[in-house]
Amino acid sequence: MLMPDELERRRAEVAASEDLQALLARLTARAAPLIEQMPIIPAVKALLSSDGGVCPEDGTTLAFDPWSPDRHRCPRCGKEWTGERHHRHWAKWQHLWLAERAAHLAALAALAGDAPAGVRASQILRFYGERYLDYPNRDNVLGPARLFFSTYLESVWVTNYIAAAQLLRSAGALDDATVELVSSVADEAANLIGEFDEGLSNRQTWHHAALLAIAVWFEDEDLARRALESETGLATHLTHGFGSDGMWYEGENYHLFALQGLITGIAWARAAGVDLMADPELASRFHAALRAPTVSALPDFSYPARKDSRFGISLAQPMYLESWETGLGLLGDTGEDLRELRDWLAALYARPAPPAATLESWLHEAGEPAPATRGREDLAWPSLISMLPSPGGSADEWHPASELLESQGLAVLRDGQRHVGLECGGVGGGHGHPDRLNLTVHANGIYWLPDLGTGSYVSPDLFWYRSTLAHNAPRLDGRSQPFEDAVCDAFDVAGDWSWVRGRFGELSRTVVAGPGYLLDLIELDAAEERVLELPWHFMGSAEADGPGTWAPATLSDAFAHDAMRLDRSEAVTVLRVRAGESQLSAFLAFDGELLRAAAPGAPGAAADVPFYLQRVTGRSAMLVAVLDTSGDGSAVSALRVTGHVIEVDTPAGTDSHAGSSDGWTIDRGGTRLRLGGRRVQPVRFQPLLTPRAEPPRGVASMALEAPALDGSLDGWDDAEPLLLDHDDQYRRSEEPYAGPEEFAATAWVNWDMDRLYVAVEVAKAEPWFRPPGSQPLRLDNEPDDIHSDGIQIYFRGSGATPVGLLIVSEPGGSIRSRSVAGTAPGTASGGWEPTDTGYRITVALASPDWSPAVGDILDFDLIVNEMHDGRERRAGQLVWSGGGGWVWLRGDRQDPARFGELDLR
């Protein structure tokens, strides 16, 4: 951002730089259509839905065209689609695009004296200034917002909107009336964004950037200090969100988003008079953050789609190019310390230009065809403000090496154009996947063993991509891994060889990379018999080479189908995988079953694809695999396993491999190579006493006879009510708790040897129950009945997994219920009736694990949902065990760790 005293300096830099002059000319040409015609400003708030912006025939995301609000083209089938859902999906991108265009036009006015551009930018600012409060702050998904359905989108929008206004004001091109309108938007946005603190989140980085922009606009030092120095401030995000290796804890996708927010925030902090880069520690961490994606990048310069990442996204995307350009500009050092990053950036520019992805924080090429190649002149207005006049760098000097991203726990083993990755670190927050010890392989231009990342958050296949079975990672007993961290036990590189060993609970995985092949060893060491399974998701066409026939088999999964089992007669099964002219051979040595099934492939693929799965049973087991990555199948001819010695036959002879607790040895042609690098895990402090918030306690009274289940309290013991009527029990969608006079509940719990009985009396004017048989809402993956007045009940019987039920009233006094995903089987029966102050619902709950006794403590929780007529999403909910905060992304789920306790009497 440029303040008035910086404008002349930057104008001089632009005039003296050939690169900056070319960028200015390109931005001027891009602005011409905007000056010729006022862009379309949506009159509606954006909507997140599962069918908006998606082709009804093939599921492809519709192309965003900023000049076509009502007709939306499918890039796959070419058809155009119309309708309110598509329009409101388009509105999300259009609001973001317009704020970018306002800043783009304002930059031309400030740095080039382009008066028509300044006029158009002011018109966009005034339009939003006059109407911003008319967009409703309701029906949101993730935090309060007016233009969007989530606060982070409002924050991205605000940084551009305020940037446009500040650039015009710095250049003396903003009239007082527009200043007042911008101030009204900034004031309301500060209230919305400031009240929704997401802690250490990639989105919060953008929230702080927006608050810093608003602080600069109002010259508000207190707001700037809060955004920078609070417990969740921008400085904390830099030192704790980005690990010691520079990678954001949620992986590359969110690293790149958080990095862009961080860069934006650092620039606004400078405008507020605080230079974070003047602190050597912060500058060093920022340098590491710029470098981290270069370490894990695949040989084709895409990121490896770990965790909740989009699949197949090139790091040569223009948004990412701009992040490195503006990041280097903030560091401001053209010396040797940044040579590696400059070489990396030069290598990206040397790539064929990928089509610009539709990204929420970068839409500058929307509606434009991709150029054959991109240069610095193809970037956007932030580069005109802050990139170095000529950073240098040589693509030929970019030579990445094997490296362990320490805090991320990702080992990358490189050999020329071969890239091998092993996940042996932390899960990575809410966007992490149950994929510890996942293996990825990219060689000869093919991503042979990919991580598929995640598709749409509102598509049902989200649950496939977030399962262990969708990864090349081991699982036990047919279930996805628990969300726990793995550790790296060893990592070393010696000449042409490298290795890593990761450990996750009872499992370990060793990967040894040498010339032409990889050795992969999974070991199980369990106290009791377990079923160990390892999926192999090959890119390309895979066939088993050798004897054996396929027969139908069982693989229980909602997304996997057509399972077959190979009748194996050999100790080693060889899979030949072909992609184009290249081949990968997988030699699998194990004592168990080999299955083949079909499941979703890369997100957006038209059809399911085959994958393979090894299955063994026992307390200790080994799965040995050798992958010939030569490209033509010439590196490995045979694999043998004798005890713990693994022999690999190659054209140069037999390589003998053996491991120990502290290393790995390879005997090759009379030469012994030893790999070490054993890592000592830090001892984590374990307190003798772990403090825990005291859970709420209540009483469940034993029923001598089953009470009435018709909505009345006949036969109920109502001596020990549970109350839900406090502010700290309320989770809100937008508005804070209105008080018990508007919304409250009283519950009673009875029990007998057969069932648990719950009566809930809700005080709420005009209850709104979702009608049975309603058209599906198609908003997201959550059950529609959470958007209704109703209740959610959770209890834990004798089993480890709790029962969870979502219950809604139906006409005529009946109810309907559904089990919460991931909970134990349970059923509900009962009824309801209206009351003078709301409604009362009475239910009996049954479960196979229900085996109570007097004196037992029952883990229990109750949630009461609040819905109003005319809304798309619920307004909030009361939680007996304590709510507080926000209802976002909870669906019908409740963390069992939050349950309260009932004394069975």
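(A) Fine view of the packing of aromatic side chains. For the structure shown, the criterion picks out 32 aromatic pairs. Connected via pairs of aromatic rings, a cluster forms that spans Phe127, Tyr128, Tyr132, Trp157 and Tyr161. When the ring centre of Phe127 is taken as reference, the NZ or CZ atom of Arg131 above it lies at 3.9 Å. Taking the ring centre of Phe590 as reference, the NZ or CZ of Arg568 above it sits at 3.9 Å.

(B) Representation of the environment of Ile446. For Ile446, the location among the structural elements is in strand 7 (residues 446–449). Its relative accessible area of 17% is what places Ile446 among the buried residues. Considered as a pair, Ile446 and Ile522 are 76 residues apart in the sequence and their alpha carbons are 24 Å apart. Among residues more than four places away in sequence, those in contact with Ile446 are Val441, Met539, Ala579 and Ser582.

(C) Fine view of helix 7 (residues 202–218). Counted at 1.5 Å a residue, the expected span for helix 7 with its 17 residues is 24 Å, and the 25 Å between its end C-alpha atoms agrees. Within helix 7, 16 of the 17 residues are buried, which leaves the element mostly enclosed by the surrounding structure. With a side-chain oxygen positioned 3.0 Å from the backbone nitrogen of Arg203, the residue opening helix 7 is Ser201.

(D) Summary view of the side chain of Arg732. Inspection of the secondary structure puts Arg732 in strand 27 (residues 730–732). We classify Arg732 as buried; its relative accessible area is 14%. Within the structure, the side chain of Arg732 is placed 3.0 Å from the side chain of Glu195, a separation counted as a polar contact. Among the polar contacts listed, one links the side chain of Arg732 to the backbone oxygen of Glu734, at a separation of 2.7 Å. Setting aside its immediate chain neighbours within four residues, Arg732 contacts Glu195, Ala875, Gly876, Gly885, Trp886, Val887 and Trp888.

(E) Here's a closer look at the nonpolar core. Counting 135 residues, the largest nonpolar core has Trp157, Phe286 and Trp324 as the members making the most contacts within it. If sequence neighbours within four positions are ignored, Trp157 has contacts with His95, Leu96, Ala99, Tyr128, Tyr132, Leu147, Phe148 and Val185. The next biggest cluster of nonpolar side chains, apart from the first, holds 46 residues, and it includes Val441, Cys488, Leu524 and Ala542.

(F) View of the pattern of salt bridges. Scanning the entire structure with this criterion turns up 65 salt bridges. Taking the shortest distance from any N to any O, the salt bridge between Glu368 and Arg26 comes out at 3.4 Å. One end of the pair, Glu368, is in the loop between helix 13 (339–349) and helix 14 (381–386); the other, Arg26, is in helix 2 (residues 18–36), and 342 residues separate them in sequence. Judged by relative accessible area, which is 29%, Glu368 ranks as partly exposed. Classification of Arg26 by relative accessible area gives partly exposed; the value is 28%.

How each quantity is defined
- Starting afresh in each chain, residues are numbered from 1 along the sequence in its written order.
- Per-residue local features of the predicted model are confined to residues with pLDDT of at least 70, and side-chain atom pairs are confined, for both listing and counting, to 80 or more; whole-chain, interface and lining totals are unaffected and use all residues.
- Hydrogens and water molecules were not included; the side-chain quantities draw on all heavy atoms of the structure.
- Stacked, tilted and edge-to-face pairs are distinguished by plane angle, under 30 degrees for stacked and over 60 for edge-to-face with tilted covering the rest, among Phe, Tyr and Trp rings (Trp via its six-membered ring) whose centres lie within 6.5 Å.
- Comment: the charge-over-ring label is applied if NZ (Lys) or CZ (Arg) is within 6 Å of the ring centre and within 35 degrees of the ring normal.
- Strands here are runs of E lasting at least two residues and helices are runs of H or I lasting at least four, both read from the DSSP assignment and numbered beginning at the N terminus.
- Relative accessible area decides the class of each residue, using a 1.4 Å probe on protein chains only: under 20% of the type maximum gives buried, over 50% gives exposed, and in between gives partly exposed.
- Here, two residues are considered to be in contact whenever any of their heavy atoms come within 4.5 Å of each other.
- One less than the residue count of a helix, multiplied by 1.5 Å, gives the span that helix is expected to have.
- For the purposes of these results, a polar contact is taken to be a pair of N or O atoms within 3.5 Å, where, inside protein, one atom must be able to donate a hydrogen and its partner to accept one; residues adjacent in sequence count only when each atom of the pair is a side-chain atom.
- By convention a nonpolar core is built from buried Ala, Val, Leu, Ile, Met, Phe, Trp, Tyr and Cys residues, the set being connected through side-chain atoms within 4.5 Å.
- Each reported salt bridge corresponds to a side-chain nitrogen of Lys or Arg within 4 Å of a carboxyl oxygen of Asp or Glu.

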